[in-house]
Amino acid sequence: MPTALITGATAGIGAAFARRLAADGFRLILLARDAERLARAAEDCGNAEVVVADLATDDGLAKGEEAARHADLVVNNAGFGQKGRFLQVPLEDELAMLRVHCEAVLRLTHAALPGMRERGRGGVINVASVAAFFSRGTYGASKAWVVGFSQGVAADVPGVHVMALCPGFVRTEFHDRAEMNVSGIPKPFWLDADRVVADALRDFRKGVTVSVPGVQYKALVGLGKLIPRNLAGRLSSRTGRRYD
Ligand SMILES: NC(=O)c1ccc[n+]([C@@H]2O[C@H](COP(=O)([O-])OP(=O)(O)OC[C@H]3O[C@@H](n4cnc5c(N)ncnc54)[C@H](OP(=O)(O)O)[C@@H]3O)[C@@H](O)[C@H]2O)c1
């Protein structure tokens, strides 16, 4: 039975990955900080293994690496948003974001790939965002790194598949946790987490390297590539002020 490690598995997109991969017959290792929620999620998925870890800490990163060594599929999904513009966000929160969004993705991928190559199977899905293509603040920059990193590793390491998943707005706890006001986001721009995961796994099986679920977001990302990056950044910054 193949094993999947999912970080940030207690809510939103990570919980949707857990439900779907359990149904697909994976043995699960679920990682997050909240032990009680992890225990409940593990029970819902048929007694998955849990790892209580904060990926913004050295200890949590080491626990994540250890779990990744035994996984056939790693879903680097844990992440969070930040309200406000650059100088309004405490520096320590920005640094924590880089650890969770970039260092954890790098270290868990690095820990997982040798075993996957040895076993001749496996893969990594790194959850980035459409924000990767419209850089705004540390969040967009960190997700742009996830996309570039995944593309680089996919080219460098044959025999395993590495994919960046770039969703747009998904109904999860993400925006509430960051206290963002997203009431102005038009309905057609909201995605369902289960649907995002179904699209992601279909793209993953097809060997896609950068997956953008939803036709509306495929069009937006396509458009974003046609306009100068500076302009895309300015437009994104102006749009972002609405969530303050
Ligand atoms: N929702 C969106 O609109 C959207 C759009 C594009 C991309 N994304 C990306 O999708 C991923 C999942 O987000 P989501 O929307 O599903 O958010 P969510 O509902 O808030 O879930 C976040 C998950 O990450 C875990 N987590 C947060 N910080 C962590 C840390 N330091 N260490 C370990 N686990 C941590 C949380 O559990 P604990 O609190 O228990 O640790 C939770 O399980 C993120 O990478 C996010 O950037 C989301």
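Look up a bit, the structure's there.
Fair warning: this is a prediction, and the values are worked out from it, not measured in the lab.

Participant: Got a minute to help me understand the site of the ligand in this structure?
Facilitator: Taken together, 31 residues lie around the ligand, and Thr-10, Arg-33, Tyr-139, Thr-172 and Arg-177 are the ones closest in. A distance of 2.7 Å separates an oxygen atom of the ligand from a polar atom in the side chain of Arg-33. Interatomic distance of 3.1 Å between a backbone N/O atom of Glu-173 and an oxygen atom of the ligand. Counting only elements with at least two residues in the shell around the ligand, the list comes to α1 (12–23), α5 (137–156), β7 (169–170) and α6 (174–177). Looking at which element gives the most residues to the shell around the ligand, the answer is α6, with three residues.

Participant: I would appreciate a short explanation of the side chain of Asn-77 in the present structure.
Facilitator: As for its position among the elements, Asn-77 is in the loop between β4 (73–76) and α4 (91–119). For Asn-77, a relative accessible area of 11% puts it in the buried group. Within the structure, Asn-77 has its side chain in polar contact with the backbone oxygen of Gly-8 (distance 3.0 Å). Contact partners of Asn-77, with chain neighbours within four places excluded, come to Thr-7, Gly-8, Ile-13, Gly-14 and Val-127.

Participant: I keep staring at the pairing of strand β3 (residues 49–52) and nothing clicks. Help me out?
Facilitator: For a regular strand, side-chain orientation follows a simple rule: the groups alternate between the two sheet faces. In the sheet, strand β2 (residues 27–32) pairs with β3 via four bridges, with the strands oriented parallel. When the sheet's bridge partners are listed, Leu-31 is paired in β3 with Val-51.

Participant: Help me understand the packing of aromatic side chains, please; the structure alone is not making it clear to me.
Facilitator: Per the stated rule, a full pass over the model turns up four aromatic pairs. Centre to centre, the rings of Tyr-139 and Phe-174 are 5.7 Å apart; their planes meet at 65 degrees, and the pair counts as edge-to-face. Taken as a pair, Tyr-139 in helix α5 and Phe-174 in helix α6 lie far apart in primary sequence, 35 residues in all. By relative accessible area, Tyr-139 is classed as partly exposed at 21%. When the ring of Phe-169 is compared with that of Trp-190, the centres are 5.3 Å apart and the planes differ by 55 degrees; the resulting orientation is tilted.

About the thresholds
Residues numbered from 1 in each chain as written. Predicted model: local features only at pLDDT ≥ 70, side-chain atom pairs only at ≥ 80, totals over all residues. Heavy atoms only, no water. Near = heavy atom within 4 Å. Polar contact = N/O pair within 3.5 Å; in protein donor to acceptor, adjacent residues only side chain to side chain. Helix = DSSP H or I, 4+ residues; strand = E, 2+ residues; numbered from the N terminus. Buried < 20%, exposed > 50% of the residue type's maximum accessible area, 1.4 Å probe, protein only. Contact = heavy atoms within 4.5 Å. Pairing = 2+ DSSP bridges. Phe/Tyr/Trp six-rings, centres within 6.5 Å; stacked < 30°, edge-to-face > 60°.

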